[in-house]
Amino acid sequence: MTNSQWLQIGFFFFALLVLAKPLGWYMARVYEDKGFGLDRWFGWLERLIYRVGGVDPQKEMDWKNYALAMLLFNIVGGVVLYAILRLQNYLPLNPAGQSAVAPDLAFNTAISFITNTNWQNYGGESTLSYFTQMAGLAVHNFLSAATGMAILVAFIRGFVRKETKDLGNFWVDMTRSILYILLPISLVIGLVLISQGTPQTFAPYQNVTLLQPTSYDQAVSTADGTPVTVAGKPQMTHVVVTEQSVALGPVASQVAIKMLGTNGGGFYNVNSAHPYENPNAFTNMIEMLALTAISAAFCFTFGIMAGDKRQGLAVLLAMLVLLVPMVYLCVHFEQQGNPILNHLTAGKDGAVLNNGNMEGKEVRFGIANSGLFATITTGTSCGAVNAMHDSFTPMGGFVPLWMLMLGEVVLGGVGSGLYVMLIFAIVAVFVAGLMVGRTPEYLGKKIQAFEMKMASLVILFPPVLILACTAIGVTTAAGRAGVSNPGAHGFSEILYAFTSQVANNGSAFAGINGNTPFYNLLGSVAMWFGRFWLAIPALAIAGSLARKKIVPQGSGTLPTHNLLFIVMLVSTVIIVGALTFFPALALGPVVEHLKMLNQ
Amino acid sequence: MLKEIWTQTRSSFLFVVIFTVLVGLIYPGVMTFLGQVLFPKQASGSFIELNGKKVGSVLIGQPFTDAKYFWSRPSATTPYAYNAANSGGSNSGPTNPDFINTVKGRVEALRKVDPENNALIPMDLVTASGSGLDPHISLAAAQYQAGRVSRARKMELKAVEALIEKYTEKTGWWGFLGDPAVNVVELNLALDSTR
């Protein structure tokens, strides 16, 4: 790695920590309702929302009602989104004349956006109307993010409160997340993006006269779509293109929340690699900070709400320990490049030092910003991409796959990252307790059989689901039909697809053709269970913890803010969470890496 | 319990409607208004106009095959290169034989159009970008092509190099973010206008 690359990556982490602390403090004020400025301006709107929505903000919910409200809200949202997708040809703001989305694709897309996955089996600019993007998808970018944040806040209350059933009110936590956190920050980010060149317009696609006309061959077909053949070969016509049609739309408003809410669903097919979605290295830095800021800040919020800031800091440090080395690894392998191509492009004067693996990457970002983006977008559950992961070198592509397999806890999705990480912490103190014969406790709450059962559900279920879906994918013809690259890489494509969907990430080894009934339906199952199978046991743990007394710290208490705990937590995440996947990883990226070196 | 399910379902529906209006219509509407007022050019697509006609966008690349133009990076968009209504990368894996052959063909095309040039071919010039619309090439890729363009246009090499310099974001953002990148569309437009 060069000095410039170190500097850029270093700056990102520095800026993230500088932003996360005050944001974490602010979010704690929002959720604890302690006065934070914006409530004075928009308190009337908040109260109006509760009145129209028919909820009493003072009414507290136990964990079952909280989970019920959360689940019903997401189901209703999904039904409405499905309807918008199916009816977009009748709805307004459709200047490109997009037709209705097919039922299986609409179903997959609806599940994808309510679960904060934003897996996309379609290209935005070639499939969706402006209305669908704005009033359908962007809305769920807010709602699914706010759902995750609300669950986390209820989860933290489970530790903080004692001898009560109440975890707060889902509608209040969700509304406040949007009104005071996601919406104002999105407005600022959106305006910054526009200033740099991200479009924000309702004008139709524009035509541009090309400097040099281009052309392509097109197969001729009859009116009913059957290809015409001449002497056994398909007949081709030469089409000359003199104008480029440039897709526009309300892009900035959607990109801002897609990053901030760790959603990751791009306005355009290629997401943040598109020069309109991410015009330059500066916007790239803004987008990277947006997709990590809230998750990092929540660690501080957690510390403040738990009354011991060191607790939050310890969790954040554990996350960074899991993250930083992987950033280095990804950038390193991408900078080394593809030896086969390095050989092809070598100068006749003997020069071989080339500028890294640029297939699928944008020049304005370069290797460092592409590798860093890939690592953090898969570590959080964002899944936006600024380079095509499918074209990474085998070990460069290993990194995003590995980050997904950690279970989206390395910063993680907004809300969902920290509550799963805290469940890992519960497992870590339990294991530590077993080793030294102490009663496991975390933040003064005893960890007992019920919590451990629920934690096991959360931690053991995703690997089982991922590996089962991958097995179905590689053993059925329908699964193998989607693969676009031969050999070990094709296996990686299927493995990545299901890992990403269960982890609610949404990035892909995008060569895979997922828009088939097989992938649309199996993927929906993976995303649905990947989200709610984790969220509901998490709320159950919170409900159980809230009912307990707080045990005063004694000499037998294992401290959970020191180096030993961080090591325990990191080991738990790696051993319990990711070790399951080693055989699968060996069959995919590792085999391909060895093959590449031998060519 | 049934009553609870009913009231929560009703609230769910109302909240979906409320937020569809607030963040699905009002939020993008306000953003569009502010964007169009504060940054009208950028918010509309950063188009370059020449004699009242749109001839390109600063942010969207175009394909070039003529020796007198700087070539953009290869593009994997369909059905033609640099289709800005259908962005896409190749998603080729690093050991895919078809992909290796494609790159081999691109290397041969570059060697053929400029046979005297024995230098290393910068990787970005023979690999497709992620978007298929990358408006930039690396500084090295521009320098590699400078000799060919100057001969094809019978322009002095120094004049061509000066133009490259002019259309390079050399220092990146804040002096250190990103890699130096040369805007191919702007560079070729400038070349055409010096004739």
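The rules behind the values
- Residues numbered from 1 in each chain as written.
- Chains lettered and ligands numbered in written order.
- Predicted model: local features only at pLDDT ≥ 70, side-chain atom pairs only at ≥ 80, totals over all residues.
- Heavy atoms only, no water.
- Domains from an automatic or database assignment.
- Phe/Tyr/Trp six-rings, centres within 6.5 Å; stacked < 30°, edge-to-face > 60°.
- Helix = DSSP H or I, 4+ residues; strand = E, 2+ residues; numbered from the N terminus.
- Buried < 20%, exposed > 50% of the residue type's maximum accessible area, 1.4 Å probe, protein only.
- Lys NZ or Arg CZ within 6 Å of the ring centre and 35° of its normal.
- 1 Å grid on protein atoms, 1.4 Å probe; cavity = no way out; pocket = protein on both sides within 12 Å on 5 of 7 lines; lining within 4 Å.
- Points joined across faces, edges and corners; volume = space filled by probe spheres on them.
- Nonpolar A, V, L, I, M, F, W, Y, C, P; charged D, E, K, R; others polar.
- Contact = heavy atoms within 4.5 Å.
- Buried area = accessible area lost by both parts, 1.4 Å probe.
- Salt bridge = Lys/Arg side-chain N within 4 Å of Asp/Glu carboxyl O.
- Polar contact = N/O pair within 3.5 Å; in protein donor to acceptor, adjacent residues only side chain to side chain.

With that out of the way, let us pick up the domain arrangement of chain B. Many structure descriptions define interface size as the accessible area lost when the parts assemble. Here chain B is partitioned into domain 1 (2-43) and domain 2 (47-193). Taking only C-alpha atoms into account, the centre of domain 1 of chain B sits 41 Å from that of domain 2 of chain B.

Going through the model one piece at a time under the given rule, you end up with 31 aromatic pairs over all chains. Ring centres of A:Phe398 and A:Trp402 lie 6.2 Å apart, and the angle between their planes is 10°; this geometry places the pair in the stacked category. In this pair, A:Phe398 and A:Trp402 are both assigned in helix α13 (residues 394-405), 4 residues apart and thus about one turn of the helix distant. Ring centres 4.5 Å apart and planes at 15° place the aromatic pair A:Tyr496 and A:Phe509 in the stacked group. Remark: A:Phe509 occurs in the loop between α17 (488-502) and α18 (517-546) and A:Tyr496 occurs in helix α17; sequence separation between them is 13 residues. A:Tyr496 sits in the buried class, given a relative accessible area of 0%. Here a set of aromatic residues connected by ring pairs shows up, and it is made of A:Tyr66, A:Phe73, A:Phe170, A:Trp171, B:Phe15 and B:Phe19. Sitting above the plane of the B:Phe47 ring, B:Lys54 keeps its charged end 5.5 Å from the centroid. Note that B:Arg148 overlies the ring of B:Trp71, its terminal NZ or CZ placed 4.7 Å from the centroid.

Residue and element names in this part refer to chain A. In this structure the tally under the stated criterion is 5 cavities of 30 Å³ or more. Lining the largest cavity are 24 residues, and of these Gly 407, Glu 408, Pro 462, Ala 503 and Leu 534 sit closest to its centre. Within the residue set of the lining of the largest cavity, elements represented by two or more residues are α13, α14 (416-436), α15 (449-475) and α18. Of the residues in the lining of the largest cavity, the class split is 15 nonpolar, 7 polar and 2 charged.

Turning our attention to the interface of chain A and chain B. Across the contact, 123 residues belong to chain A and 104 residues belong to chain B. Note on chain A versus chain B: buried area summed over both sides is about 9200 Å², and carbon and sulfur give 67% of it. Sorting the residues of chain A by area buried against chain B places A:Leu211, A:Gln212 and A:Val363 first, and these three jointly supply 9% of that buried surface. Taking the shortest distance from any N to any O, the salt bridge between A:Arg364 and B:Asp134 comes out at 3.9 Å. Counting the contacts that link chain A with chain B gives 44 residue pairs in polar contact (both at pLDDT 80 or more). Sorting elements by how many residues they give to the side of chain A that touches chain B places helix α7 (residues 170-196) of chain A first, with 13 residues. Looking at the side of chain A that touches chain B residue by residue, the classes come out as 67 nonpolar, 43 polar and 13 charged.

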